[in-house]
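Survey of secondary and tertiary structure
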Amino acid sequence: MSNLSDAYRDYPVHLKHIIPLDFHTIDSVPESHEWPHSDCLEPVIDEISIPVIDLMDPNAEQLIGHASGNWGIFQVTNHGVPLSMLMDVECEARRLFSLPVEEKLKVLRSPEGATGYGSARISPFFSKFMWHEGFTIIGSSSLDHAKELWPHDYKRFCDVIDEYQKKMKELAHQILLLTLKSLDISEEDIASWAASTYESNGAALQLNSYPCCPNPSRAIGLAPHTDSLLLTILNQTHDSSALQIFRDGVGWIAVAPVPQALVVNVGDLLHILSNAKFPSVYHQVIVSENKHRISVAYFYGPRTDSEVAPLSKVEVPIYRSLSVKEFISIKAKHLDKALSFIRI
Ligand SMILES: C=C1C[C@]23C[C@@]1(O)CC[C@H]2[C@@]12CCC[C@@](C)(C(=O)O1)[C@H]2[C@@H]3C(=O)O
Ligand SMILES: O=C(O)CCC(=O)C(=O)O
Ligand SMILES: [Fe+2]
């Protein structure tokens, strides 16, 4: 069965867009990483907050439907993921990113590859580099990489990652089901989509590191983007308001961490399935002078060979049907414009 790595193989990325800066040794922002003053570095709005939903609330389905439609992003509490698991995965990510650069380069993502250490895939679309390093895991890809990094002690990393991926899969399945139920679609479609996604190989785990930056007002952690798959679950439990979302007519809004909550955002594939009722949210990450921020994002998606199209039988579809693999290739070529390319 092909997986997400195969979907990216035809879109190689140049090494200069994969090898991150050696952030540990740098004391000023080089020109290559200095972003011009632009809208994405404008002051943010702190007074508005995205919805926080208790998953044990009997109205969770309605609340999720409303938040997905109105915001494309929300936080969940009472999600059943133990705090120890959230902390363990963050701790392993910090251990990985604290390694010397020569070690991290041993597991560098290859130009045609999708897993391993490197800059974000969106890097080639911007003229400046981001203040960010990432580590992407698809399926059990972390095993070989962890053996390279810690030949005598790779088990700890792999166990934490495996356990985390399993738990995220359960939670993503639960949230996807609630999200789909709140759309006006048939019971059969809901059941078959949720089940086939659960059995799929279309998920990825991304460890993100945003090192301390000597001039945070001129650098950006992750440039504005939407996530590509169905939904993303983000663990930013112990951190500051570095994640921001863009809201039309308002501007950039900070997503303040709620203790022990997880952030859930709608991705492009759910945008298509819902016929744009649940919009994928445009977001970015800023950096800090004295805080090395770590986040862990789980991307949940269907099989790469499945067909995605608006599910409603009563609405006129505004997107054509296409395979997940085809959407990934359109996104790899056109980034933000991908959805407009498939509009009917
Ligand atoms: C499944 C995936 C989503 C992602 C590309 C990836 O193969 C694994 C990394 C993911 C990530 C994380 C940082 C932001 C992002 C846009 C990127 O460049 O790599 C997302 C990708 C995405 O959602 O398109
Ligand atoms: O680090 C964050 O808060 C967001 C990360 C993100 O947007 C991503 O991994 O796609
Ligand atoms: Fe993202």
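In what follows, the accompanying structure is described. Note that this is a predicted model, so its numbers are computed, not measured. (Residues numbered from 1 in each chain as written. Chains lettered and ligands numbered in written order. Predicted model: local features only at pLDDT ≥ 70, side-chain atom pairs only at ≥ 80, totals over all residues. Heavy atoms only, no water.)

Between helix α6 (residues 155-181) and helix α7 (residues 187-198), the least distance of the axes is 10 Å, while the angle of their chain directions is 160 degrees. The angle between α6 and α7 places the two elements in the roughly antiparallel class. The handedness of the crossing between α6 and α7 is right-handed. When α6 is examined against α7, the residues Lys-169, Glu-170, His-173, Leu-176, Leu-177, Leu-180 and Lys-181 are found in contact with a partner set consisting of Ile-190, Trp-193, Ala-194, Ala-195, Thr-197 and Tyr-198. Partitioned by chemical class, the residues of the contact of α6 with α7 number eight nonpolar, two polar and three charged. (Axes fitted to C-alpha atoms, helices over the stretch in contact; angles between N-to-C directions. Helix = DSSP H or I, 4+ residues; strand = E, 2+ residues; numbered from the N terminus. Parallel < 35°, antiparallel > 145°, perpendicular 65-115°, else oblique. Left-handed = near helix turned anticlockwise from the far one by under 90°. Contact = heavy atoms within 4.5 Å. Nonpolar A, V, L, I, M, F, W, Y, C, P; charged D, E, K, R; others polar.)

In this section: the pairing of strand β8 (residues 243-247). The pairing of β8 with strand β11 (residues 283-285) spans three bridges and is classified as antiparallel. Looking across to β11, one finds that Leu-243 is bridged to Val-285. Inspection of the sheet shows β8 paired to strand β9 (residues 251-254) by four bridges, in the antiparallel sense. Pairing of Phe-246 across the sheet is with Trp-252, part of β9. (Pairing = 2+ DSSP bridges.)

Another point: the sheet that holds strand β2 (residues 73-77). One open sheet holds the eight strands; their spatial order is β1-β2-β10-β7-β12-β5-β4-β3, and the pairing between them is mixed. Bordering the open sheet on either side are β1 (52-54) and β3 (116-118), each of which pairs with just one other strand. Adjacent strand axes in the sheet meet at a mean angle of 25 degrees, parallel and antiparallel pairs treated alike. Relative to strand β12 (residues 293-300), strand β5 (residues 204-210) runs antiparallel, the two being bridged by seven bridges. In the sheet register, Ala-204 faces β12, and the bridge partner there is Phe-299. Against the sheet, helix α2 (residues 60-70) touches β1, β2 and β10 (262-266), its axis set at about 160 degrees to β1.

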